[in-house]
Amino acid sequence: MSATTLDPRAGTQADRFDMAAAPLRVGLVTLAVRDAARVAAFYRDILGLEDLGTDGADALLGAGGVPLLRLRGDAELEIAPRSEAGLFHTAFLLPTRADLGRWLAFAAARGLRLQGASDHKVSEAVYLADPEGNGIEIYADRAPSAWTDASGAIVMSTDPLDAPSLLAAAEGTQWQGAPVGSIVGHVHLQVGATDKADGFYAGLLGFDIAARYPGASFYGSGGYHHQLAGNIWNSRGAGPRKNGRTGLAELEIVLRDAGRIGAIVDAARKAGLELAGEGSEGLVIADPWATRLRLTAA
């Protein structure tokens, strides 16, 4: 974690959390969609992601040449119900607060329908959904020094977003698409029970429980406020996900230490968990609700 500026809202390159140094972080997010071309156009036009190629019905998008999102198209898929475990939202982290201000001005000019906007103390965020209902967060972090209280604990909340201040941060410059350095900062999941999610994501995979919120746990690594989260707000008591539905098809978790993958394999087998695949492209394991995770080495 690097030094901070005087203004914890500034979000300059100098005060960003070093995600690559975290023991665990989010990599490529793969969504199953009915119409990959239509959904890909949304992520290009609205989020400013760049087209990194297509493969049949699939589309790959990213920023600065780095893949962030894969769309697997299948017109026969059934739209997943809101109460099913799986994706709550994919959260795209912009490099600076000014970038988020530029995107917000762009969204306002387009008359884009938003689902919410919040100040979470650790970050400022705007929420929307893609054409097939997959949740999206676009956010910018505050400086890491602003995340904790006097005891050193991470403190998060949901307060109104100061939109005028955020728009002013854009300094009159226009949104030109997702800037280099944009990443998937975190993925928020729907789970059936937070205690079971804690056992899997913290107990097995090794994330820290960075914060708790009514009905949700936030899982961080390396001091980040959360690379993953799990909530029961729509999905309390949900069972395993059904095949043939839209939503989160696979989530890549990148481990800085490749040796930890072997330890996770051993722990998973001792716990009686089934491994979906193990090879050159990483270990594939499913959480208690059949959400597939691909563990790869940095």
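Conventions we followed
Residues numbered from 1 in each chain as written. Predicted model: local features only at pLDDT ≥ 70, side-chain atom pairs only at ≥ 80, totals over all residues. Heavy atoms only, no water. Helix = DSSP H or I, 4+ residues; strand = E, 2+ residues; numbered from the N terminus. Rg over C-alpha atoms; globule rule 2.2 N^0.38 Å. Buried < 20%, exposed > 50% of the residue type's maximum accessible area, 1.4 Å probe, protein only. Contact = heavy atoms within 4.5 Å. Pairing = 2+ DSSP bridges. Polar contact = N/O pair within 3.5 Å; in protein donor to acceptor, adjacent residues only side chain to side chain. Core = buried A, V, L, I, M, F, W, Y, C linked by side-chain atoms within 4.5 Å. pLDDT = per-residue confidence, 0-100. Axes fitted to C-alpha atoms, helices over the stretch in contact; angles between N-to-C directions. Salt bridge = Lys/Arg side-chain N within 4 Å of Asp/Glu carboxyl O. Arc of directions from axis to C-beta. Phe/Tyr/Trp six-rings, centres within 6.5 Å; stacked < 30°, edge-to-face > 60°.

Trainee: What is the right way to read the overall build of the protein from this model?
Mentor: Helix and strand counts for the protein come out as 5 helices and 17 strands. Relative to the globule expectation of 19 Å for 298 residues, the C-alpha radius of gyration of the protein, 18 Å, shows essentially globular dimensions. Its C-alpha atoms give the protein principal-axis dimensions of about 55 × 50 × 35 Å. Evaluated residue by residue, the protein yields a buried proportion of 51% over its 298 residues. Sequence separation of 24 or more characterises 68% of the internal contacts of the protein that already satisfy a separation of 6 or more.

Trainee: How should the pairing of strand 10 (residues 183-190) be read in this particular structure?
Mentor: It is a general feature of regular strands that their side chains alternate between the two faces of the sheet. Strand 10 sits mainly inside the fold: 7 of its 8 residues count as buried. Relative to strand 10, strand 5 (residues 86-93) is paired through 7 bridges, and the arrangement is antiparallel. Residue His89 lies in a different strand from strand 10, and its bridge partner there is His188.

Trainee: Even after reading the chapter, I still don't get the side chain of Arg142, so can you show me in this structure?
Mentor: If you trace the backbone, Arg142 turns up in the loop between strand 8 (135-141) and strand 9 (159-160). Assessed through its relative accessible area of 11%, Arg142 is described here as buried. A distance of 2.7 Å separates the side chain of Arg142 from the side chain of Asp119, its partner in a polar contact.

Trainee: Would you mind going over the pairing of strand 3 (residues 58-63) with me for this structure?
Mentor: Pairing analysis gives 4 bridges linking strand 2 (residues 50-55) to strand 3, with the strands arranged antiparallel. If you follow Asp55 over to strand 3, its bridge partner there is Asp58. Counting the residues in the hairpin turn of strand 2 and strand 3 gives 2 residues, including Gly56, whose phi is positive at 65°. Relative to strand 4 (residues 66-73), strand 3 runs antiparallel, the two sharing 6 bridges.

Trainee: Help me understand the nonpolar core, please; the structure alone is not making it clear to me.
Mentor: Soluble globular proteins tend to pack their nonpolar side chains together in the buried interior. In this structure, Tyr43, Leu71 and Trp103 are the most contacted members of the largest nonpolar core, which totals 64 residues. Excluding its chain neighbours within four sequence positions, the residues that come into contact with Tyr43 are Leu31, Gly48, Leu49, Leu61, Leu69, Phe92, Asp130, Asn134 and Ile136.

Trainee: Can you help me understand the environment of Ser157 in this one?
Mentor: Among the structural elements, Ser157 can be located in the loop between strand 8 and strand 9. Residue Ser157 is classed as buried on the basis of its relative accessible area of 14%. For the pair Ser157 and Ser123, spaced 34 residues apart in sequence, the C-alpha to C-alpha distance is 9.7 Å. Setting aside residues up to four positions removed in sequence, Ser157 forms contacts with Asp119, His120, Lys121 and Tyr213. Looking at Ser157, its side chain comes within polar contact range of the side chain of Asp159, at 2.8 Å.

Trainee: What's the story with the confidence of the model for the protein in this structure? I'm lost.
Mentor: In low-pLDDT segments, the atomic positions of the prediction should not be examined closely. When pLDDT is averaged along the protein, the result is 92, and 94% of the positions lie at 70 or above. The low-confidence segment residues 1-11 (pLDDT under 50) makes 29 contacts with residues lying over four places distant or belonging to another chain.

Trainee: When you look at the sheet that holds strand 6 (residues 116-119) in this model, what are you seeing that I'm missing?
Mentor: What links the strands of a sheet is backbone hydrogen bonding, and the strands pair in either a parallel or an antiparallel sense. Ordered in space as 9-6-7-8-5-10-13-12-11, the 9 strands form an open sheet in which the pairing is mixed. The open sheet terminates on both sides in strands that have one partner only, identified here as strand 9 and strand 11 (208-213). Sheet topology places strand 5 next to strand 8; 4 bridges connect them, and they run parallel. The partner of Thr90 across the bridge, within strand 8, is Ile136. Along the sheet, helix 4 (residues 194-204) contacts strand 10, strand 11, strand 12 (216-220) and strand 13 (228-231); its crossing angle with strand 12, the most-contacted strand, is approximately 10°.

Trainee: Sorry, what's going on with the pattern of salt bridges here?
Mentor: Between side chains of opposite charge, pairing is possible as soon as their charged atoms come close. All chains considered together, the criterion is met by 10 salt bridges. Among the salt bridges present, the one from Arg142 reaches Asp119, with a minimum N-O distance of 2.7 Å. With a gap of 23 residues between them, Arg142 in the loop between strand 8 and strand 9 and Asp119 in strand 6 connect regions that are remote in the sequence. For Asp119, a relative accessible area of 13% gives the class buried. When salt bridges that share partners are traced, they join Arg97, Asp119, Glu124 and Arg142 into one network.

Trainee: Which parts of the structure should I look at to understand helix 1 (residues 36-45)?
Mentor: Counting along an α-helix, one turn takes 3.6 residues, and residues three or four places apart therefore face a common direction. Looking at helix 1, one finds that the buried residues are Ala36, Val39, Ala40, Phe42 and Tyr43. Angularly, the buried residues of helix 1 cover 155° about the axis, an arc narrow enough to put them on a single face. Those residues of helix 1 that are exposed and aimed more than 90 degrees away from the buried face are Ala37 and Arg38. On the buried face of helix 1, the contacting elements are strand 1 (24-33), strand 3, strand 4, strand 5, strand 7 (123-129) and strand 8.

Trainee: Can you walk me through the packing of aromatic side chains in this structure?
Mentor: Any aromatic ring pair is given by two values, namely how distant the centres are and how the planes are angled relative to each other. Tallied over the full model, the rule gives 9 aromatic pairs. Arranged with centres 4.9 Å apart and planes meeting at 45°, the rings of Phe17 and Tyr224 form a pair that is tilted. Pair noted here: Phe17 is in the segment before strand 1 and Tyr224 is in the loop between strand 12 and strand 13, with a separation of 207 residues, a long-range link. Since its relative accessible area comes to 12%, Phe17 is described here as buried. Both rings, one in Tyr43 and one in Phe92, keep their centres 6.3 Å apart while their planes meet at 55°; by these two values the pair is tilted. Residue Tyr43 is located in helix 1, and its partner Phe92 is located in strand 5; the two are separated by 49 residues in the primary sequence. Accessibility assignment for this pair places Tyr43 and Phe92 in one class, buried.

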